[in-house]
Amino acid sequence: MNRLMYNIQLVSIVIPTGNEAGKINQLAKEIIDVMGDTIYKYEIIIAHYGNNEKNREIIYQLSDRYFCVKGLNLDNKHDKATALHAGFIFAKGDVIVTMEGDKHHDPAYMPVFLAYIERGYDVVCGLRKQPEHKLKSLVNNLTQIIFLFAGISVKYLGTTYRAYRRLPGNMDRLRNTRDFFNALITNKDTRIIDVPITFRTQNAVFAS
């Protein structure tokens, strides 16, 4: 099914952080460098659910230094899913990119994700090519089979590095990010594509 090119107005980059918030300083700079070389307007929403006051201060400093950075500080009773949910609700973009705050997700892939959104895709999923735990791989394969019977072809659903096009009514029905994603991918009219990505580690970078 062919669709017209989609004109992106604003990209909201939502990052949930807990104890890894100390890495956000460098990650935010990387995102700003990458997005600054594009034509897109963007905002970076850092949703912090940890109880580390030093990490909270880092986020405050980033929001003071960069106009595009917005911090959401939740109390320590919340978790990553709640932080993602808060980020989705707060986001003003017509496209939302979600990524981890531990620097495993490389911001360099964002322009690639957004290019697919512009081509008419509704969801772009980062496809991790590195070897994974056998049990996790089995669960993932079973999930692929379920979606195959539903007429949906997605190779890898485990990574949270994704880009979503905000569709009419989707955000109003949002209870949590997982429900939102599941609602999208189970709709046969939703166009989804996997993009192979390389995960970064502290000591090495795996090739995809």
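Here the structure is shown first, and the text comes after it.
Owing to the predicted nature of the structure, the values given are computational and were not obtained by experimental measurement. (Residues numbered from 1 in each chain as written. Predicted model: local features only at pLDDT ≥ 70, side-chain atom pairs only at ≥ 80, totals over all residues. Heavy atoms only, no water.)

Participant: Describe the pairing of strand S2 (residues 42–48), and please don't skip the residues or the numbers.
Facilitator: In terms of residue burial, S2 counts as a mostly covered element, since 7 of its 7 residues are buried. Here S2 shows no split at all, with Tyr42, Ile44, Ile46 and His48 on one side and Glu43, Ile45 and Ala47 on the other all buried. For S2 and strand S3 (residues 69–73), the ladder comprises 5 bridges, and the chain directions are parallel. By the bridge assignment for S3, Ile46 is matched with Gly71. You can see the chain leave S2, run along helix H2 (residues 53–65) and come back into S3, and the turn it takes is right-handed. (Buried < 20%, exposed > 50% of the residue type's maximum accessible area, 1.4 Å probe, protein only. Helix = DSSP H or I, 4+ residues; strand = E, 2+ residues; numbered from the N terminus. Pairing = 2+ DSSP bridges. Right-handed = clockwise from strand over helix to strand, strands pointing away.)

Participant: Pulling in residues and values, what's your account of the pattern of salt bridges?
Facilitator: Per the stated rule, a full pass over the model turns up 5 salt bridges. A salt bridge links Arg200 to Glu30, with the shortest nitrogen-to-oxygen separation between them at 2.9 Å. Of this pair, Arg200 sits in the segment after strand S7 (192–197) while Glu30 sits in helix H1 (residues 24–36); the two residues are 170 residues apart in sequence, bridging distant segments of the chain. Side by side, Arg200 and Glu30 carry an identical accessibility label, which is buried. As a salt-bridge pair, Lys70 and Glu43 come within 2.7 Å of each other at their nearest N and O atoms. Of this pair, Lys70 sits in strand S3 while Glu43 is found in strand S2, placing the two residues 27 residues apart along the sequence. Residue classification places Glu43 among the buried positions, given a relative accessible area of 3%. (Salt bridge = Lys/Arg side-chain N within 4 Å of Asp/Glu carboxyl O.)

Participant: If you had to explain helix H4 (residues 110–118) to someone new, which residues and values would you point to?
Facilitator: Three or more residues of H4 are buried, namely Met110, Phe113, Leu114, Ile117 and Glu118. For H4, the buried positions fall inside an angular range of 145° around the axis, keeping them on one side. Looking at the buried side of H4, the elements it contacts are strand S1 (11–17), H1, strand S4 (95–98), strand S5 (123–128), strand S6 (162–165) and S7. Positive phi shows up at Gly120, right after H4, with a value of about 110°. (Arc of directions from axis to C-beta. Contact = heavy atoms within 4.5 Å.)

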